[in-house]
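Fold and contact review
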Amino acid sequence: MTTIATDVAEILHYINGAPSAGTGTETQPVYNPATGEVTGQLRLANDEDLAQAVAIAKAASETWGEVSIAKRSKILFRFQQLLTEHTDELARIITSEHGKVLSDAAGEISRGIEVVEYACGISQSLKGEYSDQVSTGIDVFSFRQPLGVVAGITPFNFPVMVPLWMAPVAIATGNAFILKPSERDPSASLLIAQLFKEAGLPDGVFQVLHGGKDTVDGLLSHPDIDGISFVGSTPIAKYVHETATKHGKRVQALGGAKNHAVIMPDADMDLAADHINAAAFGSAGQRCMAISVAVAVGDAADALVDKLAEHAGKVNVSHGFDEKADMGPVITPASKSRLQKIVGEAEQAGAALVIDGRDLVVKDHENGFFVGPTIIDKVSREMSAYTEEIFGPVLVVLRVDSLDEAIDVVNANPYGNGTAIFTSSGAHARTYTRRIQVGMVGVNVPLPVPVAWHSFGGWKDSLFGEHHIYGPDGVRFYTRGKAITQRWPEPAKGTAATFNFPSN
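Comments concerning the packing of aromatic side chains
Considering all chains together, one arrives at ten aromatic pairs under this definition. With 6.0 Å between their ring centres and 10 degrees between their planes, Tyr130 and Phe141 make a pair best called stacked. Here Phe141 lies in strand E7 (residues 138–146) and Tyr130 lies in strand E6 (residues 129–135), a separation of eleven residues in the sequence. Taken together, a centroid distance of 6.2 Å and an interplanar angle of 25 degrees make the contact between Phe141 and Phe143 stacked. Three or more aromatic residues joined by ring pairs form one cluster here, namely Phe79, Phe177, Phe196 and Phe206.

See the structure below:
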């Protein structure tokens, strides 16, 4: 923690429809990962700030939940338009604080806008059911109502997309939403808040509260917060789920990943290497859907490694505003040091270092947090390069003898977020997709992130809670079902009550 500096921007909360410094006095620096420079000082909330935000959200939820679906949709349509108009501005903010290249930042925003578009059609998703004459003169119908106040705790790697996976669906279904973004790249969330305001969203329905663990714990335990959405590492996802559930909240907590791509000998090796290269090193590997393990089956191994090295050698690593850049820096010096340590451990344990990006230096950005594409072949499943979620531009290669062995390797891993198979065989693809214990599967598609009208989520240690995020599962998560059984008897024809459980 530090005091506010005078030569960098002060990054505020967004409370009740306006930027707010809050009453908390602690701050935290925000860096440009490409230069290592401090670009902002982030205000951190205290207990009073959190209590104020929740009270405002609770009051807002009581009126917003009664607003017509047509009016909610109209506001979301306007919000979608504003996001599109401000894509370049949002992308520049992301690149400045996260480090990913501008084109990747714009792609992130585009995928977030897909969910906004889904939320615009919320009237279709909220339609209930009606059963006529279930018993003489009795009808039953059902509908869904909002939870009330929900909070989203989001990670640094997608400072726009992940909040847009949550907030639009929560707001469309009638809830008030409090966003607690990552402290590492918080500024994009403030522009999102301003665009919601410009779109006509009432004050207090969407708020931004910055903070660390104390703020997270406050959100998990506050009695007026009804639901928690979380995306982050598995240990924290498990903690969020256990803590919030203990306090009676509905929770969806998406955790970490160790995503495998299985490459069969019959695969198009150029296609596989090209797509795995992009999936491993795009956004500097800082994606929960990044391919971090290539499982080479049989004769595929040598040819695949050669092709991977060829493609990885062409990756242009630079600052995110360089139009020729394919990949930018990692988020912090600590991330860089951890990556260097894990790669060194694999090398010492006998793995073959095909490409080593640990000592990459970008000209004129010598203080940036850069790590180049790194490929490690002949990795064993006991090495930390395999057991840990690396979350950086490091691809490890495991060699196996058969598809059955590849499936066993993937299914034995504690994570179950995403996976892919590269093959020209429909039989291999069908076997893999049916037997694999992973929530999202791609066939010749390395990043199988579902479109907005499906839902995103993994299995095993990649998800805690019943519900996946956005799409139909998102609607179910942010609402409660209610069933109504009704009779409108005519006074002269009323029937006598019975003490037995009613029978149809």
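What to know about empty space enclosed by the protein
Taken as a whole and judged by the stated rule, the model has four cavities of 30 Å³ or more. In this structure, the largest cavity encloses a volume near 100 Å³. What lines the largest cavity is a set of 14 residues, and nearest its centre among them are Arg287, Ala290, Ser292, Glu389 and Phe391. Per-class residue counts for the lining of the largest cavity are seven nonpolar, four polar and three charged. Of the pockets and cavities examined, the second largest cavity occupies roughly 60 Å³. What lines the second largest cavity is simply Tyr14, Gly17, Ala193, Phe196, Lys197, Leu201, Pro202, Asp203, Gly204 and Phe206. Counting residues per element, the lining of the second largest cavity draws most heavily on helix H7 (residues 187–199), at three residues.

Description of the packing of helix H2 (residues 69–85) against H7
Relative orientation of the contacting elements H2 and H7 amounts to 130 degrees, with a least axis distance of 8 Å. In terms of axis orientation, H2 runs oblique to H7. The element H2 and its partner H7 pack so that their crossing is right-handed. Between H2, through Ile75, Leu76, Arg78, Phe79, Leu82 and Leu83, and H7, the contact on the second element is made entirely by Ile192, Leu195, Phe196, Glu198 and Ala199. Taken together, the residues that form the contact of H2 with H7 break down as nine nonpolar, no polar and two charged.

As for the sheet that holds strand E5 (residues 37–43)
Taken together, three strands build an open sheet; the order of strands is E1-E5-E4 and the sheet is mixed. Looking at which strands have only one partner, the edges of the open sheet turn out to be strand E1 (9–11) and strand E4 (27–32). Across the sheet, the mean angle separating the axes of adjacent strands is 35 degrees when strand polarity is ignored. As judged from the six bridges shared by E4 and E5, these two strands associate in the antiparallel manner. By the bridge assignment, Asn32 is partnered in E5 with Glu37.

Considering helix H3 (residues 87–97)
Turning to H3, its buried residues number three or more, namely Thr87, Leu90, Ala91, Ile94, Thr95 and Glu97. On its buried side, H3 packs onto E1, E4, H2, helix H4 (102–120) and H7. At the exit of H3 stands Gly99, carrying a positive phi of roughly 105 degrees.

Digging into the side chain of Thr374
Looking at where Thr374 falls in the secondary structure, it is placed in strand E16 (residues 374–377). Using a relative accessible area of 0% as the deciding quantity, one classes Thr374 as buried. Here the side chain of Thr374 touches Gly357 through a polar contact of 3.0 Å, landing on its backbone nitrogen. For Thr374, the contacting residues outside a window of four places in its chain are Phe281, Val343, Leu353, Ile355, Asp356, Gly357, Arg358, Pro393, Val394 and Leu395.

About the criteria used
Residues numbered from 1 in each chain as written. Predicted model: local features only at pLDDT ≥ 70, side-chain atom pairs only at ≥ 80, totals over all residues. Heavy atoms only, no water. Phe/Tyr/Trp six-rings, centres within 6.5 Å; stacked < 30°, edge-to-face > 60°. Helix = DSSP H or I, 4+ residues; strand = E, 2+ residues; numbered from the N terminus. 1 Å grid on protein atoms, 1.4 Å probe; cavity = no way out; pocket = protein on both sides within 12 Å on 5 of 7 lines; lining within 4 Å. Points joined across faces, edges and corners; volume = space filled by probe spheres on them. Nonpolar A, V, L, I, M, F, W, Y, C, P; charged D, E, K, R; others polar. Axes fitted to C-alpha atoms, helices over the stretch in contact; angles between N-to-C directions. Parallel < 35°, antiparallel > 145°, perpendicular 65-115°, else oblique. Left-handed = near helix turned anticlockwise from the far one by under 90°. Contact = heavy atoms within 4.5 Å. Pairing = 2+ DSSP bridges. Buried < 20%, exposed > 50% of the residue type's maximum accessible area, 1.4 Å probe, protein only. Polar contact = N/O pair within 3.5 Å; in protein donor to acceptor, adjacent residues only side chain to side chain.

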